[in-house]
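An overview of the molecular structure
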Amino acid sequence: MEMLKVKNINTYYGQVHALKNVSLHLRQREIVTLIGANGAGKTTILNSLSAVTPVRNGDILFEGEPIHALAPERIVELGISQVPEGRQVFKPLTVEDNLELGAYLRYRRREGRAKIRASLDEIYQLFPRLRERRRQLAGTLSGGEQQMLAIGRALMARPKLLLLDEPSMGLAPLVVQEIFAVIAALTRDMGTTVLLVEQNAKAALKLADRGYVLETGKVILEESAAELLENREVQRAYLGKEKKEIWER
Amino acid sequence: MDIWDSIHECMPREELEQLQLERLQATLNRAYKNVTCYRRKFDELGIIPEDVQSFDDLRRFPFTTKEDLRLNYPYGMFAVPLREVVRIHSSSGTTGKPTVVGYTRNDIKTWSHLVARLLTAAGVTCDDVVQITFGYGLFTGAFGLHYGAEQIGASVIPMGGGNTEKQIMIMQGYRTTALVGTPSYALTLADRMEKLGIDPKSLSLRVGLFGGEPWSNEMRREIEQRLGIIATDNYGLSEVMGPGVAGECLERCGMHIFEDHFIAEIIDPDSGEVLPPGSIGELVLTTLTKEAVPVIRFRTRDITRLHYDRCACGRTLARMEKTRGRSDDMLIIKGVNVFPMQIEEVLFQVEGCEPHYQLVVDRIDNVDTLEVQVEVSETIFFDEMKKQRAFINLVEKRLVSALNVGCKVKLVESAKIPRHEGKAQRVIDRRKR
């Protein structure tokens, strides 16, 4: 079933037309990746979905309900959480406080301590390292651990759809592997649907089911991840296989 | 019955339309970016691909014709550099330059899967032995069906065209269960079996997938009766991909168009206006997933009608009726495209021929025949037999080399061919439709 349906969204930064009639969809339990150069509009799509940068027009349907006019907190409540680029953890707070803040709306809904505690345990199972460091200040964590924390914090809201922005940025290859393994486990074990923006297109495509290629705010390709890995235009431009040449005779 | 890709073939229409829109937007953006011909055409009309929000917006885009492909011969319509192309095919190319199409690695995969869909829809499974009687070569028919059959795991016999007795021998010996080829060749096989005293019912044949030329339901009945098989129709054209655009399921109430890969429109061939659903008109196709040569609103020249009501097989894809002929005057003779214009060109070059001619096309013993009746000057018409014979031989030879199909020339006395007001009736097609 279609979980998210985006039709013809247009997003602007002032006068700059950042997304031009972008349409995309995610089915339940799918991992979909957005690839493209810097400034192509990948992050803007995530920010448009979470209403951090509201769309000017177009439709966003989440489980059949229009959400493009809703406030960010309402969207989180409906089940969409974003892990922002550069982690954005609250550095002066402890790991556990960071995680609990992720459940803020659930506290407000008076869901009860026990349920939130259970979620916390789930996150600690997913990232044992966070449990070890639960009393530590987030600012003292390594980059990889901060990324885990950012993902964990988003998961505390128990999202159906997770928006992940550049989770591998600035991390060592082994740490990236670890984080990607967790993302795979999220869809497999918890049934979370994932929209992934990644600079590391190759790793993202290996993990994802499908992908969209963006260029200057437009979608230029929609294919299965396997096809995108085989697509030589994609290889050339985003997988660093050859120098970029569009045409030769 | 099995469905090869039930996720896509049975998709709720609403989800299908979303997928089509996404792929259409991506295709238009990419074609505009990578294909000069499209960029120029869109710019001239002031159309900006990124403005497209619906299928209605597609109607503003110009048509692509065979002529566009010829003008951009050979690689001008390619959206990828040649080094990314792993296969090149071409249409028969009977008029002037042929049209060239390319496939990337992904295109070949997509093609295989789409043909796998139509084979599965016709009831072919991995247990079948598939004999392919299309000619291998630049023509897309044989390779398309070949890959599709391999994709589903059937055993493929790549016979190629012709050599009828050997085909029959192999069919007996290898216990072929599925026959692939043109419908007229199926009847040629039936004729030959009759002559050889072979009862088709003693063979293992059970299903036939026929395409490459228009054929009637009467012909279907004849094939089914004589070969003792189920005969299904499928549709495709090399400019758009080859076979694998549409195929019949066993309900046999039209060919399911693989709409997640192609957008189909029906237009009035004269005005170019899009006609409401259910109208008879010319089929126009836009590719949604082709990497190497995307085509936008390609005029197929095939006349048909689309049905959108749900098929009993469970597929949600629209169905197209058997094609009812061509919107232009192209003739398909023995599977070869023939334009009256080509014949005219040849006749004009032969001294003694007058610019009045008529083509009589017929199907005798299931073989297409073409007779070219041409008016000649009195000196030739009343010339001695030997010279007249030599003259006919000369014209026939030139026609064969221009058309790639044999024909018979008949000389007619000057002014014997009926004249018409306005457009001449050049073609008399006696084949049953």
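Structure: see above.
Now for a description of the structure that goes with this document. Note that the structure is predicted; figures quoted are calculated from it, not measured. (Residues numbered from 1 in each chain as written. Chains lettered and ligands numbered in written order. Predicted model: local features only at pLDDT ≥ 70, side-chain atom pairs only at ≥ 80, totals over all residues.)

**Examining the overall build of chain B**
Check the secondary structure of chain B and you find 13 helices and 19 strands. In terms of overall size, chain B behaves like a compact globule, its C-alpha atoms giving a radius of gyration of 23 Å where 433 residues would be expected to give roughly 22 Å. Here chain B, with 433 residues, has 45% of them falling under the buried criterion. (Helix = DSSP H or I, 4+ residues; strand = E, 2+ residues; numbered from the N terminus. Rg over C-alpha atoms; globule rule 2.2 N^0.38 Å. Buried ≥ 20, exposed ≤ 12 C-beta atoms within 10 Å, placed from the backbone.)

**Section: the packing of helix α6 (residues 105-121) of chain B against helix α7 (residues 140-152) of chain B**
Residue and element names in this part refer to chain B. Contact geometry for α6 and α7: axes closest at 7 Å, N-to-C directions at 75 degrees. Relative to α7, the element α6 lies roughly perpendicular. Residues Ile108, Trp111, Ser112, His113, Val115, Ala116, Leu119 and Thr120 of α6 form the contact with α7, whose own contacting residues are Gly144, Leu145, Tyr147, Gly148, Ala149, Gln151 and Ile152. (Axes fitted to C-alpha atoms, helices over the stretch in contact; angles between N-to-C directions. Parallel < 35°, antiparallel > 145°, perpendicular 65-115°, else oblique. Contact = placed C-beta atoms within 7 Å.)

**Digging into unusual backbone geometry**
In the segment running from B:Tyr73 into B:Pro74, the intervening peptide bond is cis, with an omega of -5 degrees. Tracing the backbone shows B:Pro74 in the loop between α5 (66-71) and β1 (85-90). With a phi angle near 50 degrees, A:Glu63 is a residue other than glycine that sits in the positive phi range. Considering the arrangement of structural elements, one finds A:Glu63 in the loop between β4 (57-62) and β5 (65-66). Located in the positive-phi region is A:Glu166, a residue other than glycine, with phi close to 50 degrees. Looking at the element boundaries, A:Glu166 is found in the loop between β7 (161-165) and α8 (173-190).

**Some details on the sheet that holds strand β2 (residues 16-27) of chain A**
Taken in spatial order, the four strands of this open sheet run β2-β1-β4-β5 (chain A), and their pairing is antiparallel. Each edge of the sheet is formed by a strand with only one pairing partner; in this case those strands are β2 and β5 of chain A. Lying on the sheet, helix α2 (residues 13-34) of chain B is in contact with β1 (2-13) and β2 of chain A; it crosses β2(A) at an angle near 140 degrees. (Pairing = 2+ DSSP bridges.)

**Overview of the interface of chain A and chain B**
Taken together, the 23 residues of chain A in the interface contact 21 residues of chain B. Of all the secondary-structure elements, those providing two or more residues to the side of chain A that touches chain B are β1, β2, β10 (218-224), α10 (225-230) and α11 (232-238) of chain A. Residues that form the side of chain A that touches chain B fall into these classes: six nonpolar, five polar and twelve charged. (Nonpolar A, V, L, I, M, F, W, Y, C, P; charged D, E, K, R; others polar.)

**Considerations on the environment of B:Ser377**
Residues and elements named next belong to chain B. For Ser377, the location among the structural elements is in the loop between β17 (367-376) and α12 (378-381). Separated by 37 residues in sequence, Ser377 and Pro340 have C-alpha atoms that sit 21 Å apart. Apart from residues no more than four positions distant in its own chain, Ser377 is found in contact with Gly352, Glu354 and Ser414.

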